[in-house]
Amino acid sequence: MGVAGEIQATALVAAACRAEETRQPAPRLTDPYAERFLDSLDAAGRALLAAGRDEVVHRTTLIDGLLLDEVRRHPGATVVNLGAGLCTRPYRLDLSACREYVEVDAPEILARKATVLGGAEPSCPVRRIPGDVRGLPALGVDGPAVLVTEGLLVYLPPAELAGLAATLRGLPAVTGWLADVVSADSARAMAAVAGRARAGLALHGLESMDTVERAGWAVADYRLLPARRPAARPTGRPPGPPVPASRRVLDGVVLLRPAAPPRTVTGQAVS
C-alpha cells in the first residue's frame, strides 16, 4: 500500500509555506532549507499555499515548541517523525539533546530529502526509513521515544487512524505523541479548497478524540490554532451522532501520552 502522489505533494506545499514565511519581514519561523525543495511546485500547489500558509505556520510553530519541551524533559530520547515529508526540524532546530531523529515516509520523498539536504549539518543524527505509516516498518529505536505526526492524520480514514493509534500505543517506551488535529467541519472546508485547486485530496476530520483515546492515549496538552476557515457548504450526507461541546475537536495541536491502565478494586475496573 503506497503513499498517494497527491498526499506526497502536500509535503511540498508545507515546505513552500515555510519558505514563504521565512521571506516575511518578521517571520514567525525561519527555515532556510525549505526554499531548496520548491523547483517542482505546480499551480495546484501554489493555490493551496495561498489558502493555507497561516495554518501551516501556526501548526509548525506549535509543534516546534512542544517538541523542544519534550526533548528537554526527556534528554537522550529519539524523535520519530511519521510521514515526515519535507520536514527540516533536525536542521533548523537545536535537537542536540536527542539520541537521533528518525524519519519515516515514502522512498521517493526520503531520497529527495537526502539529495537536497546532503550538504546541510543536522543538530542530531538523522536516520531515514522508507515505508508507509499505515503498515509501520520496524523502527529500531532503543530507549524513550517522542512521536510526531504533522499534517498526516487528516488523510487517514477512521479505520486507518484507529489502526495507527493502536500500533503506536504498542511501541515500547513512548513518552508522548505530538499531532495536529483537524475538525470534521474544517476538513470539509479544506476539501473544498483542494477541489477548486484540482488537488484531488480525500480528507477526514475528527468529531472527537474518541478514536485515539480508545487505543490507549490520553490528551495531556491541547493548543488551538488561531486560524479559522470559512464554513464548508453542506455535503448532503447525513450528520453523525452529536458530540458534546466539551468533547468536540477544534483545529489544533495535541500532546498525547500513553493512558494509565485502569485501576482495579476487588476485580472491577475503576477509571
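Before any of the text, the structure's been laid out above.
Everything in this summary refers to the structure shown in the same document. Everything numeric in this text was worked out from a predicted model, so none of it was measured. (Residues numbered from 1 in each chain as written. Predicted model: local features only at pLDDT ≥ 70, side-chain atom pairs only at ≥ 80, totals over all residues. Heavy atoms only, no water.)

So, the nonpolar core
Phase 1: Of all hydrophobic cores here, the largest spans 29 residues; its most connected members are Leu 153, Leu 168, Trp 177, Met 209 and Trp 217.
Phase 2: Looking at this core, the elements that each hand over two or more residues are β1 (78–82), β2 (100–105), β4 (145–149), α5 (158–169), β5 (174–181) and β7 (252–258).
Phase 3: Those residues in contact with Leu 168 that lie beyond four places of it in its chain are Leu 82, Leu 136, Leu 147, Val 174, Trp 177 and Trp 217.
Phase 4: In this structure, Tyr 101, Leu 225, Val 253 and Leu 255 belong to the second largest nonpolar core, which totals 19 residues. (Core = buried A, V, L, I, M, F, W, Y, C linked by side-chain atoms within 4.5 Å. Buried < 20%, exposed > 50% of the residue type's maximum accessible area, 1.4 Å probe, protein only. Helix = DSSP H or I, 4+ residues; strand = E, 2+ residues; numbered from the N terminus. Contact = heavy atoms within 4.5 Å.)

Some remarks on the pattern of salt bridges
Phase 1: One pass over the structure, following the stated rule, counts 24 salt bridges.
Phase 2: Between Glu 103 and Lys 113 there is a salt bridge, with its nearest N and O atoms 2.7 Å apart. Note that Glu 103 is positioned in strand β2 and Lys 113 in helix α4 (residues 107–116), a separation of 10 residues in sequence. Exposure class is identical for Glu 103 and Lys 113. Each is buried.
Phase 3: Overlapping salt bridges bring together Arg 18, Asp 31, Arg 59, Asp 64, Arg 89, Arg 92, Glu 150 and Asp 180 as one network. (Salt bridge = Lys/Arg side-chain N within 4 Å of Asp/Glu carboxyl O.)

Quick word on the sheet that holds β5
Phase 1: The sheet built from 7 strands is open, its strands ordered β3-β2-β1-β4-β5-β7-β6 with mixed pairing. With partners counted over all chains shown, the strands left at the sheet margins are β3 (126–130) and β6 (217–224), one partner each. Each adjacent strand pair in this sheet contributes to an overall mean axis angle of 20°, direction not counted.
Phase 2: As defined by bridge partners, β1 adjoins β2 across 5 bridges and the pair is classed as parallel. In the sheet register, Thr 78 faces β2, and the bridge partner there is Glu 100.
Phase 3: The sheet contacts of α4 involve β2 and β3, and relative to β3 the element is tilted by about 150°. (Pairing = 2+ DSSP bridges. Axes fitted to C-alpha atoms, helices over the stretch in contact; angles between N-to-C directions.)

Such coordinate-based values are descriptive only and should not be taken to indicate function.
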